[in-house]
Amino acid sequence: ETAGEKSIAVLPFENLSSDEENAWFNDGITDVITSQLSKISDLRVLSRTSTLKYKGGQKSVSEIGHELKVNYIIEGTVQRQEDKMRITVQLIRVLNENHLWSEIYDRDWEDIFEVQSEIAQNIAEELQAVLSPKEKVAIRESGTKNTEAYNLYLQGRFYWNKRNKESLKKSVENFSKSISADSSYALAYAGLADAYFIQAFWGRIPWIEGTDKAKDLVLKALGIDKNLAEAHSVLGALYNYKEWKWEEARKELQLAVDLNPK
């Protein structure tokens, strides 16, 4: 790792909820905090796939930091019971395992958007990261103000990430319900497009049916938010595998990476 670099790995948050029903919540919060921090260009934030193998906490912060070549680690716990939640977050320097900052958020679920933004801002301040006015706005954006739609979207991504036949069906159900709760939620349309595309790609549903649905949904997502990286990545995949439009595919995938380098 480069000395002085503001490089961060967000480790999978531990679920302290008593029921498995809320197991999706810790993955969702981990992903969102990673995503929020990724919007700050002064920080180098590792992707979810890089940190997933450390779920369960078998290694020390020092070992993980050296393996991932980062200077800082974020770890935390989440607990949710009905409309109440508790999120604890710690920022740790790898060099000496020094805890630089920690916070406990005891809030109502309806405050989730505010909490996520606060966490990103507090970590950025602790690392003395410079935020542009555009980045300050970006880390406050959630795509929806409807907590039920957001709840369902996080569950949709949780099941989508599992990538098996049954979980992909569940992801479709959750993304669809999320859209029903907020018909202007671009991320939910992109998630649903993603779920249909992957099922079609793996032969779980008919190719034409799945890719046609994915195309309609992804265009809806981009009609709402033209700067949505998740939607551009699906459109790039559709151009590549369905329409064989290589140059359009390259442009879409490059745009997705430019919009969200993580």
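In what follows, the structure referred to is the one given above.
Residues numbered from 1 in each chain as written. Predicted model: local features only at pLDDT ≥ 70, side-chain atom pairs only at ≥ 80, totals over all residues. Heavy atoms only, no water.

A. How the structure looks around the packing of aromatic side chains. Under the criterion given, the structure shown has 12 aromatic pairs. Ring geometry for Trp24 against Phe25: centres 5.7 Å apart, planes inclined by 75°, an arrangement best described as edge-to-face. Here Trp24 matches Phe25 in class, with each residue buried. Considering the side-chain rings of Phe25 and Trp109, the 5.5 Å spacing of their centres and the 70° angle between planes classify their relative orientation as edge-to-face. Within this pair, whereas Phe25 is found in helix 1 (residues 23–38), its partner Trp109 is found in the loop between strand 6 (98–108) and helix 4 (112–126), the two being separated by 84 residues in sequence. Take Phe25: its relative accessible area is 0%, and that puts it in the buried class. Trp109 sits in the buried class, given a relative accessible area of 5%. The ring of Trp109 is capped by Arg80, whose NZ or CZ atom sits 4.1 Å from the centre of that ring. Cation over ring: Arg163 sits above Trp160, and NZ or CZ is 4.0 Å from the ring centre. (Phe/Tyr/Trp six-rings, centres within 6.5 Å; stacked < 30°, edge-to-face > 60°. Buried < 20%, exposed > 50% of the residue type's maximum accessible area, 1.4 Å probe, protein only. Helix = DSSP H or I, 4+ residues; strand = E, 2+ residues; numbered from the N terminus. Lys NZ or Arg CZ within 6 Å of the ring centre and 35° of its normal.)

B. Representation of a nonpolar patch on the surface within the structure. Residues Phe201, Trp202 and Tyr241 make up a contiguous nonpolar surface patch of about 320 Å² in total accessible area. With respect to the element layout, Phe201 can be found in helix 8 (residues 186–201). (Patch = residues over 30% accessible without salt bridge, like charges linked within 9 Å, V, L, I, M, F, W, Y side chains within 5 Å. Areas by Shrake-Rupley, 256 points an atom, 1.4 Å probe, with all protein chains shown as cover. Salt bridge = Lys/Arg side-chain N within 4 Å of Asp/Glu carboxyl O.)

C. Highlighting the nonpolar core. Within the largest apolar cluster, 71 residues are counted, with the highest numbers of intra-cluster contacts made by Phe13, Leu37, Ile74, Ile87, Val89 and Ile123. Ranked by residues supplied to this core, first place goes to helix 8 with 12 residues. Core analysis: the next-biggest nonpolar cluster, separate from the first, contains 11 residues, Leu11, Leu46, Val61 and Val94 among them. (Core = buried A, V, L, I, M, F, W, Y, C linked by side-chain atoms within 4.5 Å.)

D. Representation of the pairing of strand 5 (residues 84–93). Judged from the 10 bridges that link them, strand 4 (residues 72–81) and strand 5 form a sheet pairing that is antiparallel. Bridging from a neighbouring strand, Thr77 pairs with Thr88 of strand 5. From the end of strand 4 to the start of strand 5, which pair antiparallel, there are 2 residues, and Glu82 there has a positive phi angle of about 55°. Looking at chain direction, strand 5 and strand 6 are connected through 10 bridges and run antiparallel. Note on strand 6: the bridge partner recorded for Val89 is Glu103. (Pairing = 2+ DSSP bridges.)

E. Up close: the packing of helix 6 (residues 147–162) against helix 7 (residues 165–181). Across the interface, helix 6 lies against helix 7 with an axial gap of 8 Å and an inter-helix angle of 160°. Between helix 6 and helix 7, the interaxial angle falls into the category roughly antiparallel. Once helix 6 is placed against helix 7, the crossing between them reads as left-handed. Two secondary-structure elements touch here, helix 6 through Glu148, Ala149, Leu152, Tyr153, Gln155, Gly156, Arg157, Tyr159, Trp160 and Lys162 and helix 7 through Ser167, Leu168, Lys170, Ser171, Asn174, Phe175, Lys177, Ser178 and Ala181. By residue class, the composition of the contact of helix 6 with helix 7 is 8 nonpolar, 6 polar and 5 charged. (Axes fitted to C-alpha atoms, helices over the stretch in contact; angles between N-to-C directions. Parallel < 35°, antiparallel > 145°, perpendicular 65-115°, else oblique. Left-handed = near helix turned anticlockwise from the far one by under 90°. Contact = heavy atoms within 4.5 Å. Nonpolar A, V, L, I, M, F, W, Y, C, P; charged D, E, K, R; others polar.)

F. Representation of the pattern of salt bridges in the model. Applying the stated criterion across every chain, the model contains 17 salt bridges. When the shortest N-O distance is used, the salt bridge between Lys6 and Asp42 registers 3.1 Å. Remark: Asp42 occurs in the loop between helix 1 and strand 3 (44–45) and Lys6 occurs in the segment before strand 1 (7–10); sequence separation between them is 36 residues. The network of salt bridges with shared partners includes Asp27, Asp31, Arg48 and Lys55.

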